[in-house]
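# Structural features, examined
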Amino acid sequence: MFDDFFFPYEKAKLWTRDMIVLSLSNFLLYASLYIMLPVLPLWIVQHWYCSYAEAGGAVAVFGLAMFLPGPFNSYLIDTFKRKSVCMMALAIFAAVSLLYPYVATIGLVALLRMMQGALFSVVTMTTGSTLVIDITATRRRTDANVAFTWFGRFGMAIGLALGVYIYPYWDITYVAYASAILGAGALLLIPMLNVAFRAPLRPALVSLDRFLLPRTFLPGVNMLMISFIFGIVIAHVYNELFYICILIGFVISVIMVRYLLLHVSCRSEVELGQAALGAGLLLLAFSNSLINSYMAALLLGIGIGVTASRFFIIMISLPMHCERGSGNNTYQLLWEVGLLGGLFFENVWTENHPDTIYWICLGICVLSLVMYEVLTHKWYYKRMEEKEQ
């Protein structure tokens, strides 16, 4: 109440120095992670002559490992200094990237991926679910969560483009060093944050707080289908300009959400995003032209950007006052699991059925839209009414 009185919405500043620093750190973190993603399966197959299914599995275990520290999130964040927890996890995450060129077996690659998955989970929990809330005025926290997440998406697209560009000209060593440098950049920004002191608490060692919020699972599964499609595309397309076009699509979707779709209903926004996503997939399925693939990437960026942004807002609107961090972390976990699940599926499926992959993506897109229209839309508004009561 007092925050609302002294810092009304129109006067509360979103882009403070701390918000800019934290958002840039998130951009570099995602660039550091995703620069390796399109490279690792190809390098594993070339280096150890294994199947793409085995390579995809070694890379995708990252998503499962993200759940390992989850039950201890609340204990970590309330017992120790939040910035310290974030910095330690980021430092180890960046250092692990340097080890990839020197491992001797595919099993060790999977182990490194698991380590990074667990560390990445801790970093995203401390930044997106905690620090971004701590440094933002109460009435701007939804805006801050959305803006912070967008910087991660931009970093994701830049990382994919960099990885695809670097690897053919050099080798995995340079990609790993670039990943470590980007991770170190994300780390160096964290000490610059000014976070208010909070007295340590004595939380339970194991809990779902800041880990998973069951109330958000239905829209979360809906969103997971979108990230699953994106994971398939990442594994299937190896062209840096394609990912630059996706980045441009992300930028266009931000402008659309911020200005053109400002007064459009949630339902119309999701339908528009799904239509753009479906159009991009159809263009990829029917045409082998390079120009058409760039147009498709632009549509994919717009579709994924608009749809994922809307589902994210739904997932952070559903939590009660003290559950925002849990809702945000649930989104992060389900996004990465869906994306890496799509990457693994593509590596398994295309060994035998390479020509049908975009049709499968289109089917998942239609299924996601049907699920939203039949279940998620009505369920969301019913939950919001219950929350207001």
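This section reports on the structure supplied with the text.

## Here's the deal with helix α10 (residues 217–236)
An ideal rise of 1.5 Å per residue puts 28 Å on 20 residues; α10 measures up with 28 Å between its terminal C-alpha atoms. Judged by how many residues are buried, α10 sits mostly within the fold: 14 of 20 residues are covered.

## Observations concerning a nonpolar patch on the surface
A cluster of nonpolar residues, M88, I92, L108, L111 and M115, forms a patch on the protein surface that exposes about 450 Å² of accessible area. Looking at the secondary structure, you find L111 in helix α7 (residues 106–134).

## Details of the pattern of salt bridges
Applying the stated rule across the entire model yields ten salt bridges. With a closest N to O distance of 3.2 Å, R17 and D18 form a salt bridge. Within the structure, one salt-bridge network assembled from shared partners comprises D78, R82, D134, D209 and R210.

## Side note on the packing of aromatic side chains
Counting across every chain of the model gives 23 aromatic pairs. Plain terms: the ring middles of Y165 and Y169 are 5.5 Å apart, the flat faces sit at 50 degrees to each other, and that makes the pair tilted. Of this pair, Y165 and Y169 both sit in helix α8 (residues 141–169), four residues apart, which is roughly one turn of that helix. For Y169, a relative accessible area of 59% gives the class exposed. Arranged with centres 6.4 Å apart and planes meeting at 50 degrees, the rings of F230 and W335 form a pair that is tilted. With a gap of 105 residues between them, F230 in helix α10 and W335 in helix α14 (residues 324–349) connect regions that are remote in the sequence. A single burial state applies to F230 and to W335, both of which are buried. The structure contains a cluster of three or more aromatic residues connected by ring pairs, namely W15, W150, F151, F154, F230, F250, F312, Y331 and W335. Across the ring face of W150, the terminal group of R153 is positioned such that the distance to the ring centre comes to 4.5 Å.

## With respect to the layout of surface pockets
Of the pockets and cavities examined, the largest pocket occupies roughly 1,000 Å³. Around the largest pocket, the lining is made up of 39 residues, and of these R82, I133, D134, R198 and R210 lie nearest the centre. If you list the elements that add at least two residues to the lining of the largest pocket, you get α5 (73–79), α6 (82–97), α7, α8, α13 (290–317), α14 and α15 (357–388). Here the lining of the largest pocket gets five residues from one element, more than from any other, and that element is α7. Across the lining of the largest pocket, the residue classes tally to 16 nonpolar, ten polar and 13 charged. In this structure, the second largest pocket spans a volume of roughly 640 Å³. The wall of the second largest pocket is formed by 21 residues, among which D143, V146, A147, V257 and R258 lie closest to the centre. At the level of secondary structure, the elements contributing two or more residues to the lining of the second largest pocket comprise α8, α11 (240–260) and α13. Residues belonging to the lining of the second largest pocket are distributed by class as follows: 14 nonpolar, two polar and five charged.

What counts and what doesn't
Every residue gets a number counted from 1 within its own chain, in the order that chain's sequence is written. Reporting in this predicted model follows two pLDDT cut-offs: at least 70 for local features of residues, and 80 or more for side-chain atom pairs to be given and counted; totals over whole chains, interfaces and linings ignore these cut-offs and use all residues. Excluded from the side-chain calculation are hydrogens and water; included are all heavy atoms of the structure. Secondary structure follows DSSP: runs of H or I at least 4 residues long count as helices, runs of E at least 2 residues long count as strands, and numbering of each begins at the N terminus. How far a helix is expected to stretch is found by multiplying one less than its residue total by 1.5 Å. Relative accessibility under 20% of the residue-type maximum defines a buried residue, over 50% an exposed one, and the middle range a partly exposed one, all with a 1.4 Å probe and only protein chains included. Like-charged residues are merged into a patch within 9 Å and nonpolar side chains (Val, Leu, Ile, Met, Phe, Trp, Tyr) within 5 Å, provided each residue has over 30% relative accessible area and no salt bridge. Only the protein chains shown count as covering a residue, and every accessible area follows the Shrake-Rupley method with a 1.4 Å probe. By salt bridge we mean one thing: a side-chain nitrogen of Lys or Arg within 4 Å of a carboxyl oxygen of Asp or Glu. The rule is short: rings of Phe, Tyr and Trp, with Trp giving its six-membered ring, pair when the centres are within 6.5 Å, and they are stacked under 30 degrees, edge-to-face over 60, tilted in between. Note on criteria: charge over ring means Lys NZ or Arg CZ within 6 Å of the ring centre, with the direction from the centre no more than 35 degrees off the ring normal. The way it works is a 1 Å grid over only the protein atoms, where trapped points that fit a 1.4 Å probe form a cavity and open points with protein on both sides within 12 Å along at least five of seven lines form a pocket, and then any residue with an atom within 4 Å of a point lines it. Grid points are joined across faces, edges and corners, and a volume is the space filled by probe spheres set on the points. Three categories are distinguished: nonpolar for Ala, Val, Leu, Ile, Met, Phe, Trp, Tyr, Cys and Pro, charged for Asp, Glu, Lys and Arg, and polar for the others, with Gly belonging to the last.

Keep in mind that these numbers describe shape and distance, not what the molecule does.
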